[in-house]
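Topology and contacts: notes
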Amino acid sequence: MCRWLTYSGRSIYLEKLLFEPVNSLIQQSLHARKARVATNGDGFGLGWYGEREEPGTYHETLPAWNDRNLKSLSHQLQAPLFFAHVRASTGTATSRANCHPFTHGRWLFMHNGQIGGYDRIRRSLEQLIPDELYHCRQGTTDSELFFYLLFRHGLEQDPGRALAETVRAVLTVMQSHDIAEPFRMTASLTDGKRTFAVRFATDPDPPSLFYGCETDGLIIVSEPLDMIADHWQRVPAGHLLTVDGPCRISLAPFEVA
């Protein structure tokens, strides 16, 4: 399972969250405390918004703890909204094209989890990607595939509904192929203005997800960055978190039935 972090608020240097906390995302890449796999060394990625509408991205296949460029970039780069992701592969290749976050236009997306039986239903799912977007798919992960399916289900009009309808479409394909393995996910999505995060599973064991409001802004993360319990709230299973501004959040049931 991967680890990821979303930040929105006042512009800060990325190193403040990626490197400085006692349980920073870089520390989690070496030793995650709430993941099935402790080490997340199959690449990493950043996505951030600056002066332009579309985000910038940086991806690398090196482990996050072993990349000097990441250390330098995060020391110099500041942003009011950014995504960061460290990857533990669930079977697909370690490549830059498979590193999160994924981007299309002004959108950023990243994911932790797995579509059950993905190797058996990948072809069926890929056929659901809109024809005009299929050429944009660069990698082989279920995460990137899920991202492009969001556009089929109205991402530009209603992101929360698109997330639910895409999950529903994936579950329909899984059921048609008699897939017994669970579908587990946390994911984060943004257009540079609003941010959405979801925690969902078809069994009682969804990946962990927390959020906390700090002086600078809101942090959504796979596991807390420190051990101070009152800094962090757990996102309940089967819920969608919507962020409309610094620490302006709403939490609602994520209904896919």
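Below is a short write-up of the structure. Keep in mind that what you see is a predicted model, and the values were worked out from it rather than measured.

Let's talk about the sheet that holds strand β1 (residues 3-13)
Across the sheet, which stays open at both edges, the seven strands sit in the order β3-β2-β4-β1-β10-β9-β11 with antiparallel pairing between neighbours. Strands with a single pairing partner mark the edges of an open sheet, and in this sheet they are β3 (56-60) and β11 (233-234). Bridge analysis of β1 against strand β4 (residues 78-86) gives eight bridges, and the strand direction is antiparallel. Note on β4: the bridge partner recorded for Tyr 13 is Gln 78.

Looking at the state of the cysteines
Counting across every chain of the model gives one disulfide. Between Cys 213 and Cys 247 runs a disulfide, and the two sulfur atoms are separated by 1.7 Å. Handedness of the Cys 213-Cys 247 disulfide follows from its S-S torsion of about 110°: it is right-handed. Taken together, the residues Cys 213 in strand β9 (residues 210-213) and Cys 247 in the loop between β12 (239-245) and β13 (248-253) connect sequence positions 34 residues apart. Cys 2 takes part in no disulfide bond, and the closest cysteine sulfur to it belongs to Cys 99, at a distance of 9.3 Å.

Quick word on the packing of aromatic side chains
Note on aromatic pairs: each is described by the distance of the centres and the angle between the planes. Across all of its chains, the model carries 10 aromatic pairs by this definition. Seen in terms of ring centroids, Phe 109 and Phe 146 are 5.9 Å apart; in terms of plane orientation they differ by 20°. Their pairing is stacked. Of the two residues, Phe 109 sits in strand β6 (residues 107-114) while Phe 146 sits in helix α6 (residues 142-152), which places them 37 residues apart along the sequence. This pair shows no difference in class: Phe 109 is buried, exactly as Phe 146 is. Its end group placed over the ring of Phe 19, Lys 71 keeps NZ or CZ at 4.3 Å from the ring centre.

Some remarks on the packing of helix α4 (residues 118-126) against α6
Running from N to C, α4 and α6 point in directions that differ by 25°, and their axes come no closer than 11 Å. In terms of their interaxial angle, α4 and α6 are classed as roughly parallel. Relative to α6, the crossing made by α4 is left-handed. Residue-level contacts link Tyr 118, Arg 122, Leu 125 and Glu 126 of α4 to Asp 142, Leu 145 and Leu 149 of α6. In the contact of α4 with α6, the residues fall into four nonpolar, no polar and three charged.

Some thoughts on the nonpolar core
If you look at the biggest cluster of nonpolar residues, it comprises 37 residues, and the most contacted ones within it are Phe 146, Phe 147, Leu 150, Val 167, Phe 183, Phe 200 and Phe 254. Sorting the residues of this core by element identifies β6, α4, α6, α7 (159-176), β7 (184-190) and β8 (195-201) as the ones contributing at least two each. In terms of residue count, α7 provides more of this core than any other element does, eight residues in total. Contacts of Phe 254, omitting those with residues within four sequence positions, involve Gly 160, Leu 163, Ala 164, Val 167, Val 198, Phe 200, Gly 238, His 239 and Leu 240. Counting 24 residues, the second largest nonpolar core, distinct from the first, contains Leu 18, Leu 46, Ala 84 and Ile 219.

A word on the pairing of β8
With seven of seven residues buried, β8 is to be regarded as a mostly interior element. Note: β7 against β8, seven bridges, orientation antiparallel. Paired with Thr 186 across the two strands is Arg 199, which belongs to β8. If you look at the hairpin formed by β7 and β8, you'll find four residues sitting between the two strands, and Gly 192 has a positive phi there, around 90°. As judged from the five bridges shared by β8 and β12, these two strands associate in the antiparallel manner. In the strand pairing of β12, Val 198 is matched with Leu 240.

Looking at unusual backbone geometry
The residue after His 100, namely Pro 101, is reached through a cis peptide bond having omega -5°. Structurally, Pro 101 can be placed in the loop between β4 and β5 (102-104). Look at Asp 178: it is not a glycine, yet its phi comes out positive at around 55°. Topologically, Asp 178 is positioned in the loop between α7 and β7. Given the relative accessible area of 67%, Asp 178 is considered exposed.

Conventions and cut-offs
Residues numbered from 1 in each chain as written. Predicted model: local features only at pLDDT ≥ 70, side-chain atom pairs only at ≥ 80, totals over all residues. Heavy atoms only, no water. Pairing = 2+ DSSP bridges. Helix = DSSP H or I, 4+ residues; strand = E, 2+ residues; numbered from the N terminus. Disulfide = S-S within 2.5 Å. Phe/Tyr/Trp six-rings, centres within 6.5 Å; stacked < 30°, edge-to-face > 60°. Buried < 20%, exposed > 50% of the residue type's maximum accessible area, 1.4 Å probe, protein only. Lys NZ or Arg CZ within 6 Å of the ring centre and 35° of its normal. Axes fitted to C-alpha atoms, helices over the stretch in contact; angles between N-to-C directions. Parallel < 35°, antiparallel > 145°, perpendicular 65-115°, else oblique. Left-handed = near helix turned anticlockwise from the far one by under 90°. Contact = heavy atoms within 4.5 Å. Nonpolar A, V, L, I, M, F, W, Y, C, P; charged D, E, K, R; others polar. Core = buried A, V, L, I, M, F, W, Y, C linked by side-chain atoms within 4.5 Å.

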